[in-house]
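# A closer look at the structure
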Amino acid sequence: MGDDASGSGASDCIPIQAGALKKGSHVVLKGFPCKIVDYSTSKTGKHGHAKANITGIDIFTQRKYEDISPTSHNMLQPLVNRKDYQLVDIDDEAYLTLMDDKNDTRADLKLDLDGDDVHKKIKEEFDNGKDLVVTVLAAMKTEKVIAWKELQ
């Protein structure tokens, strides 16, 4: 089976040595793209390897994940991309029509109006007639609207 079939999204990642990671950078923990919030190394016994203790927050769900890896081993660093779009419309099924700075439109992202407060607020502000710009975060074949601001 190839990387694509396993769903790990490994092609959207680059290898990085566990010892080269630092707080604030991104890493794949337990298969999820995370931002490192805590990082420490510990030296083990006479013949052991130094270990990296890594704590990260999933960039999409805000769940916390922890992992321990020898500092000499490679881990995966997700390629994370942020892009701003102007919000053109929200349809009855909560799908967004978005336009980028080249005037290209897309309508494949959906708001989670039940579980996400940011998404509820976007719908509320849009329904009030405000012009909004939304920020879409993309990593490992997943995209999500993570923020918004009013167009000035």
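The model shown is predicted, which means the values in this text are computed figures rather than measured ones.

On the surface, a cluster of negative charge is contributed by D89, D91, D92 and E93. Its location among the elements puts E93 in the loop between strand 7 (81-90) and strand 8 (95-99).

So, on to unusual backbone geometry. Its identity is not glycine, yet Q62 carries a phi of approximately 65°, on the positive side. Exposure remark for Q62: the relative accessible area of 53% places this residue in the exposed category. For M140, which is not glycine, the phi dihedral falls at a positive 50°. Relative to the helices and strands, M140 resides in the loop between strand 10 (132-139) and strand 11 (142-150).

Two modes of strand pairing occur in sheets, parallel and antiparallel, and in both the strands are linked by backbone hydrogen bonds. Read from one edge of the open sheet, five strands run 9-8-7-10-11, paired in antiparallel fashion. Lying at the two open borders of the sheet, with one neighbouring strand each, are strand 9 (105-110) and strand 11. Neighbouring strand axes in the sheet, compared pairwise and without regard to direction, differ in orientation by 40° on average. Pairing of strand 7 with strand 8, which is carried by four bridges, proceeds in the antiparallel orientation. Each bridged residue has a counterpart across the sheet, and for L87 the counterpart in strand 8 is L98. Against the sheet, helix 2 (residues 117-127) touches strand 7, strand 9, strand 10 and strand 11, its axis set at about 45° to strand 11.

Attention now goes to the pattern of salt bridges. Evaluation of the coordinates by the stated rule reveals 12 salt bridges. The salt bridge partner of D12 is K141, with a shortest N-O separation of 3.5 Å. Of this pair, D12 sits in the loop between helix 1 (3-6) and strand 1 (13-17) while K141 sits in the loop between strand 10 and strand 11; the two residues are 129 residues apart in sequence, bridging distant segments of the chain. Judged by its relative accessible area of 21%, D12 is partly exposed. By relative accessible area, K141 is classed as exposed at 58%. Between E125 and K121 there is a salt bridge, with the nearest N and O atoms lying 3.1 Å from each other. Taken as a pair, E125 and K121 lie in helix 2 at a separation of four residues, close to a single helical turn. The exposure class of E125 is buried, given its relative accessible area of 7%. Each of K121, E124, E125 and K130 takes part in one network of salt bridges that share partners.

With numbering aligned to this structure, UniProt lists the feature "domain: Translation initiation factor 5A C-terminal" (unreviewed entry) at residues 79-149. The span residues 79-149 is 15% helical and 52% strand by assignment, and the distance between its end C-alpha atoms comes to 24 Å.

Turning next to the packing of aromatic side chains. Summed over all chains, the structure comprises one aromatic pair. Note on F32 and Y65: the rings are 4.7 Å apart at their centroids and 15° apart in plane angle, and the pair reads as stacked. Residue F32 is located in strand 3 (residues 32-42), and its partner Y65 is located in strand 5 (residues 64-70); the two are separated by 33 residues in the primary sequence.

Rules used in this analysis
Sequence order as written defines residue numbering, which begins from 1 separately in each chain. Per-residue local features are limited, in this predicted model, to residues with pLDDT of at least 70; the limit for side-chain atom pairs, both in listing and counting, is 80 or more; totals at the level of whole chains, interfaces and linings are taken over all residues. With hydrogens and water stripped out, all remaining heavy atoms of the structure feed into the side-chain values. Patches here are clusters of residues that have more than 30% relative accessible area and form no salt bridge, with a 9 Å joining cutoff for like charges and a 5 Å cutoff for nonpolar side chains (Val, Leu, Ile, Met, Phe, Trp, Tyr). Only the protein chains shown count as cover for residues, and the accessible areas themselves come from Shrake-Rupley with a 1.4 Å probe. Salt bridges are identified by distance alone: a Lys or Arg side-chain nitrogen within 4 Å of an Asp or Glu carboxyl oxygen. In this tally, Asp and Glu contribute negative charge and Lys and Arg positive charge; neither His nor the terminal groups of the chain are included. Where a charge sits is defined by one atom per residue type, namely NZ (Lys), CZ (Arg), CG (Asp) or CD (Glu). Strands are runs of DSSP state E lasting at least two residues, helices are runs of H or I lasting at least four, and both sets are numbered from the N terminus onward. Any residue under 20% of the maximum accessible area for its type is buried, any over 50% is exposed, and the rest in between are partly exposed; the area is computed with a 1.4 Å probe on protein chains only. A strand pair is defined by DSSP finding two or more bridges across the two strands. Note on definitions: angles span 0 to 180 degrees between N-to-C directions of axes, and those axes are lines fitted to C-alpha atoms, for helices only across the stretch in contact. Contact criterion: two residues are considered in contact whenever any of their non-hydrogen atoms come within 4.5 Å of each other. UniProt positions are given in the numbering used here, feature names are shortened, and annotations may be inferred rather than shown by experiment. Paired rings are identified among Phe, Tyr and Trp, the last through its six-membered ring, by centres lying within 6.5 Å, and are further divided according to the angle between planes into stacked (under 30 degrees), edge-to-face (over 60) and tilted (the rest).

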